[in-house]
Amino acid sequence: MTDMQILLKAARFSAAKHRDQRRKDGFASPYINHPICVAETLASIGGVEDPILLAAALLHDTIEDTGTQPGEIEAEFGAEVLSIVLEVTDDKSLPKAERKQLQIEHAPHRSEKAKLLKLADKICNLRDILASPPAGWSLARRQKYFDWAKQVVDQAHGVNPRLERMFDRLYRQRPVVVLSGKAAKGATLGG
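Parameters at a glance
- Residues numbered from 1 in each chain as written.
- Predicted model: local features only at pLDDT ≥ 70, side-chain atom pairs only at ≥ 80, totals over all residues.
- Heavy atoms only, no water.
- Phe/Tyr/Trp six-rings, centres within 6.5 Å; stacked < 30°, edge-to-face > 60°.
- Helix = DSSP H or I, 4+ residues; strand = E, 2+ residues; numbered from the N terminus.
- Buried < 20%, exposed > 50% of the residue type's maximum accessible area, 1.4 Å probe, protein only.
- Polar contact = N/O pair within 3.5 Å; in protein donor to acceptor, adjacent residues only side chain to side chain.
- Contact = heavy atoms within 4.5 Å.
- 1 Å grid on protein atoms, 1.4 Å probe; cavity = no way out; pocket = protein on both sides within 12 Å on 5 of 7 lines; lining within 4 Å.
- Points joined across faces, edges and corners; volume = space filled by probe spheres on them.
- Nonpolar A, V, L, I, M, F, W, Y, C, P; charged D, E, K, R; others polar.
- Salt bridge = Lys/Arg side-chain N within 4 Å of Asp/Glu carboxyl O.
- Core = buried A, V, L, I, M, F, W, Y, C linked by side-chain atoms within 4.5 Å.
- Axes fitted to C-alpha atoms, helices over the stretch in contact; angles between N-to-C directions.

**Student:** What is the right way to read the packing of aromatic side chains from this model?
**Tutor:** Centre-to-centre distance and the angle between the planes together describe a pair of aromatic rings. Per the stated rule, a full pass over the model turns up 4 aromatic pairs. Ring centres of Y145 and W148 lie 5.3 Å apart, and the angle between their planes is 65 degrees; this geometry places the pair in the edge-to-face category. With Y145 and W148 both in helix α9 (residues 139–155) and 3 residues apart, the pair spans about one turn of that helix. Accessibility expressed as a relative area gives 10% for Y145, which makes it buried.

Structural data, given as structure tokens:
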């Protein structure tokens, strides 16, 4: 297959697997927008041209969120794509807090491709939270997500300066809870 064929096949596969899913944003956007954003961020901001990594970006949530079996990805896209997807896949049998802590702990030990993918994933998540936060997420919860994402990214630092600068720019725009007297007020730090 050509590079273009691999990418289009990965986009089609991911779209089929995520077809019934929606993002948690206020618009309930189709979930497929997220993996497309991650792949596009890698290519346009990170300068990534590797079709294996871009295909993995399009597929990165299929095992974790759709019940796709690893063997399906390997059969369709090969062992290298599968390996990258597995590196960024959380074990959903673990409690959420443990999964989040493991992302921080495992980040420095991931392959360079998995680090790039994780960085682009966090960039897209921060953008989405800034533009249209998940319904019901308080300012404090959004701030907590930004701070956790920074911990993950800080552990994988040094893989792509352009992606890291973009992450830092978005992080500086994070929502913060400002305590004033007895009341908590929301504010956003400009960057």
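Moving on from the model shown.
**Student:** Sorry, what's going on with the side chain of R23 here?
**Tutor:** Position of R23 among the secondary structure elements: in the loop between α1 (3–17) and α2 (33–44). Polar side-chain contacts of R23 include one of 3.3 Å to the side chain of N125. Here D128 takes part through its side chain, which lies 2.9 Å from a polar atom of the side chain of R23. Residues in contact with R23, not counting those within four places in the same chain, are A28, S29, P30, Y31, H34, N125 and D128.

**Student:** What is the right way to look at the layout of surface pockets in this model?
**Tutor:** A probe as big as a water molecule, rolled over the atoms, marks out the empty space that is left. As a volume, the largest pocket reaches approximately 990 Å³. Taken together, the residues that form the lining of the largest pocket break down as 10 nonpolar, 8 polar and 18 charged. The volume enclosed by the second largest pocket comes to roughly 210 Å³. Taken together, 17 residues line the second largest pocket, and the ones lying closest to its centre are D90, L102, Q103, H106 and R110. Counting only elements with at least two residues in the lining of the second largest pocket, the list comes to α7 (96–106) and α8 (112–131). Examining the composition of the lining of the second largest pocket, we find that 4 residues originate from one element, α7, more than from any other. Of the residues belonging to the lining of the second largest pocket, the class tally is 7 nonpolar, 3 polar and 7 charged.

**Student:** Just to check I follow, could you spell out the pattern of salt bridges for this structure?
**Tutor:** When their charged atoms lie close together, side chains carrying opposite charge are able to pair. Counted under the stated rule, the structure contains 8 salt bridges. Taking the shortest distance from any N to any O, the salt bridge between D50 and K113 comes out at 2.7 Å. Of the two residues, D50 sits in the loop between α2 and α3 (51–59) while K113 sits in helix α8, which places them 63 residues apart along the sequence. Note on D50: relative accessible area 23%, which makes it partly exposed.

**Student:** Sorry if this is basic, but what is going on with the environment of L86 here?
**Tutor:** The topology assignment puts L86 in helix α6 (residues 79–87). When its relative accessible area of 40% is taken as the criterion, L86 is described as partly exposed. Once the C-alpha coordinates of L86 and K24 are considered, the two residues, 62 residues apart in sequence, prove to be 23 Å apart. When sequence neighbours within four positions are dropped, the list of residues in contact with L86 reads I63 and P70.

**Student:** Explanation requested: the nonpolar core in the structure shown.
**Tutor:** Among soluble globular proteins, nonpolar side chains are generally buried collectively. L42, L59, I73, V81, L117 and F167 are the most contacted members of the largest nonpolar core, which totals 50 residues. For this core, the elements supplying multiple residues, two or more each, are α1, α2, α3, α5 (70–77), α6, α8, α9 and α10 (161–172). At 9 residues, α8 tops the list of elements feeding residues into this core. In this structure L59 touches A10, F13, S14, I73, F77, V81 and V85, once residues within four positions along its chain are discounted.

**Student:** Help me understand the packing of α5 against α6 in this model?
**Tutor:** Relative placement of two packed helices is described by the angle separating their axes and the distance separating the axes. The geometry of α5 relative to α6 is characterised by a closest axis approach of 7 Å and an angle of 145 degrees between their N-to-C directions. Between α5, through P70, I73, E74 and F77, and α6, the contact on the second element is made entirely by A79, V81, L82, V85 and L86. For the contact of α5 with α6, the per-class residue count stands at 8 nonpolar, no polar and 1 charged.

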